[in-house]
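Listed below, chain by chain, are the residues.
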Amino acid sequence: MEVPTRRKPEIYCVCLFFIVNLFVQISDAFYLPGSYMHTYSDGDQIYAKVNSLTSIETELPYSYYSLPYCKPLGGVKKSAENLGELLRGDQIDNSPYLFRMNVNHSIYLCTTTPLNEVEVNLLKRRTRDLYQVNMILDNLPVMRFANQNGIKIQWTGFPVGYTPPDASADYIINHLKFKVLVHEYEGNGVEIIGTGEEGMGVISEADKKKVSGYEIVGFQVIPCSVKRDPDVMTKLHMYDSISPTNCPSELDKYQPISEHERISFTYDVEFVKSDIRWPSRWDAYLKMEGSRVHWFSILNSLMVIFFLAGIVFVIFLRTVRRDLTRYEELDKEAQAQMNEELSGWKLVVGDVFREPDCSKLLCVMVGDGVQILGMAAVTIVFAALGFMSPASRGMLLTGMIILYLFLGIASGYVSVRLWRTIKGTSEGWRSISWLSACFFPGIAFIILTALNFLLWGSKSTGAIPISLYFELFFLWFCISVPLTLIGGFMGTKAPQIEYPVRTNQIPREIPARKYPSWLLVLGAGTLPFGTLFIELFFILSSIWLGRFYYVFGFLLVVLLLLVIVCAEVSVVLTYMHLCVEDWRWWWKSFFASGSVALYVFLYSINYLVFDLQSLSGPVSAILYLGYSLLMAIAIMLTTGTIGFLMSFYFVHYLFSSVKID
């Protein structure tokens, strides 16, 4: 008997080792901002990469090399892309733009063959649709500055071309003046642990000399259009030096886009030492503008919460408690006599737990809502803690998909346990689990497939490749579905939730009302929407206007406030329905808070009409509305689940306090 006792410390050490090792492996999947860096020595070669061409006018990304740009000597090679990047339409390729650390030079790249009609039309269309070239150096997107009405505005990327106000001609951007900000780094004995693109790296005392050098902390560009003599330029070879070039101010010195023109591409590079440290290099991209607006949103939500909390407080302490106390103090004969005189929620005691219409659908939607809510909460918490850096493109979307897949076990458990509670038996739990695994993913699949046909027709890089479809199907049916079935099986083994009162065989007639109850349900959604809509504006701007969104701390606070408001709204509305002897509270409690999705979708349409006025073409509008519809459905399932579960707990607690013979 003493042998296990002596081995306990060893067992604990082994378990601790595996836990620490697991944590290290998991942390390797995330990028910690400011924890991993590249250092370069003088003269080191650095190649820039190019991402898809994007436009806020069309929202249709295209490959960089779909236009007649210079290609690298070794050919075009795609960078490894994660699941999130593929779904976003990113296509990161190598480029011929070569930099040497701390070497300022002017470089010739290439001269195109004479442009044909197809290339001219394509260049003009991309120019007039305001397409941007997105270049990346050391994982930093290129940034440019522009003056608009006396205000300095920063943008990521630079335009394909320039169209003057009179629109007499279009001019291509063929000369780039780069400014690379570098910070001199010296190993100072600080141990750095990072999880960058090249895996986990540790810089220790012995490696200080190796890491001393320069780190890139800024990447800026001034785009120019410069007309050059093609006969002179074609005598040069790629990477030959040329004389420095200034951006011309006269239109006749710009390079026009016209047939038979031969366009020469060149660039200048200037390295500038900066005091910006490597952990702060993303600050220029993530400047939080309008922080007062975020705080106003939070304070506005807090006012709504306190208002609703006051109503709930009155319901519980003044109305419910008072009625229950009076009811419990009476003897049985007096209770029977009182029951004949009672009105309100106490009269529906025999019907309040009657099975709702479409109970299977309700169980499935609640299960899917739990899954989406868990995914959103964990993702936002990790992002707020800094594990979802914007430097790791696509990591946020990839993390959301992985979390959704593994949270299928929660969906199956909740939906099957609710089914057992309603039916009183586990029969049919497999079909409930299957429906939970396929309901929201099926809706998303239908919407995304329809939108994908539009993207395929437009030959956009935003179209999901066929291979990725098979990968998503594999993840869906080999991970999410089995885990949902496992969760459903666990739900059959969990203790059954017993109703505190018996249900009558004959349903009680619901009194006629002056106005339909669905008006109250729809109106209830305005309160959660008031909590959400300001933050929704920033989220939509980040998605459709190409802005970085990184105020996840605010988003986490808004999510918590939204959960509280949805719970309070649903409880208040459920109590109001019970007071007018309406015992059909199941679906109404779900849609009381879930109706916020309707206002989110209407707000998305408003945003399209008034804030995305530059969006052109029916394809772009259909894409926007399709993605907005998918977002609204996800919000409906999430907020509806919050309201329903809180109302179920409220009704169960309320009627468990009533003594019935």
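Up top you'll find the structure we're talking about.
These notes cover the structure that comes with them. All values derive from a computational prediction rather than experimental measurement.

As a further point, take the packing of helix 8 (residues 359-384) against helix 11 (residues 429-457). The geometry of helix 8 relative to helix 11 is characterised by a closest axis approach of 9 Å and an angle of 60° between their N-to-C directions. With respect to their mutual orientation, helix 8 and helix 11 come out oblique. In the packing of helix 8 onto helix 11, the handedness of the crossing is right-handed. Contacts from Lys360, Leu361, Val364, Met365, Asp368 and Ile372 in helix 8 reach Ser431, Ile432, Leu435, Ser436, Phe439, Phe440 and Pro441 in helix 11. Taken together, the residues of the contact of helix 8 with helix 11 break down into 9 nonpolar, 2 polar and 2 charged.

This next bit is on the pairing of strand 3 (residues 105-111). Burial analysis of strand 3 places 7 of its 7 residues in the buried class, the great majority of the element. Summarising the sheet, strand 3 and strand 16 (residues 264-273) pair through 6 bridges and their orientation is antiparallel. Bridging across to strand 16, Ser106 finds its partner in Asp268.

Under the 1.5 Å per step criterion, the end-to-end length of helix 15 (residues 552-579) is 40 Å for 28 residues, consistent within 8% with the ideal 40 Å. One or two positions beyond helix 15, positive phi appears at Glu581, with a value near 65°.

This paragraph deals with the state of the cysteines. Evaluation of the coordinates by the stated rule reveals 2 disulfides. Between the sulfur atoms of Cys70 and its disulfide mate Cys110 the distance is 1.8 Å. Here Cys70 and Cys110 share a disulfide; its torsion about the S-S bond, -90°, makes the bridge left-handed. Note that Cys70 is positioned in the loop between strand 1 (45-50) and helix 2 (83-88) and Cys110 in strand 3, a separation of 40 residues in sequence. Taken individually, Cys70 and Cys110 each receive the classification buried, so the pair is uniform in this respect. Each disulfide pairs two cysteine sulfurs, and for Cys224 the partner residue is Cys247, the sulfurs being separated by 1.6 Å. Of this pair, Cys224 sits in strand 15 (residues 213-224) while Cys247 sits in the loop between helix 5 (230-233) and strand 16; the two residues are 23 residues apart in sequence, bridging distant segments of the chain. Judged by relative accessible area, which is 3%, Cys224 ranks as buried. In this structure Cys247 comes out as partly exposed when scored by relative accessible area, which is 31%. Going through the protein in sequence order and numbering each bonded cysteine, the pairs you get are 1-2, 3-4.

What counts and how
- The residue numbering used here restarts from 1 in each chain and proceeds along that chain's sequence as written.
- The predicted nature of this model means local features are confined to residues of pLDDT at least 70 and side-chain atom pairs, given and counted, to a pLDDT of 80 or more, with totals for whole chains, interfaces and linings taken over all residues.
- Note that the side-chain values use all heavy atoms of the structure and ignore hydrogens as well as water.
- A fitted line through C-alpha atoms represents every axis, and for helices the fit uses only the stretch in contact; the resulting angles, taken between N-to-C directions, go from 0 to 180 degrees.
- For helices the rule is a DSSP run of H or I covering at least 4 residues; for strands it is a run of E covering at least 2, with both sets numbered from the N terminus onward.
- Every angle not falling under 35 degrees, over 145, or within 65 to 115 is termed oblique; those three ranges are roughly parallel, roughly antiparallel and roughly perpendicular.
- Working rule for handedness: look at the near helix, and if it is turned counterclockwise from the far one by less than a right angle, call the crossing left-handed; if clockwise, right-handed.
- Whether two residues touch is decided by their heavy atoms; if any such pair falls within 4.5 Å, the residues are in contact.
- In this classification, Asp, Glu, Lys and Arg are treated as charged, Ala, Val, Leu, Ile, Met, Phe, Trp, Tyr, Cys and Pro as nonpolar, and every other residue, Gly included, as polar.
- Three exposure classes are used, based on accessible area relative to the maximum for each residue type with a 1.4 Å probe and protein chains only: buried under 20%, partly exposed in between, and exposed over 50%.
- We call two strands paired when DSSP finds no fewer than two bridges between them.
- Residue count minus one, scaled by 1.5 Å, sets the expected span of a helix.
- Throughout, disulfides are identified as pairs of cysteine sulfur atoms within 2.5 Å of each other.

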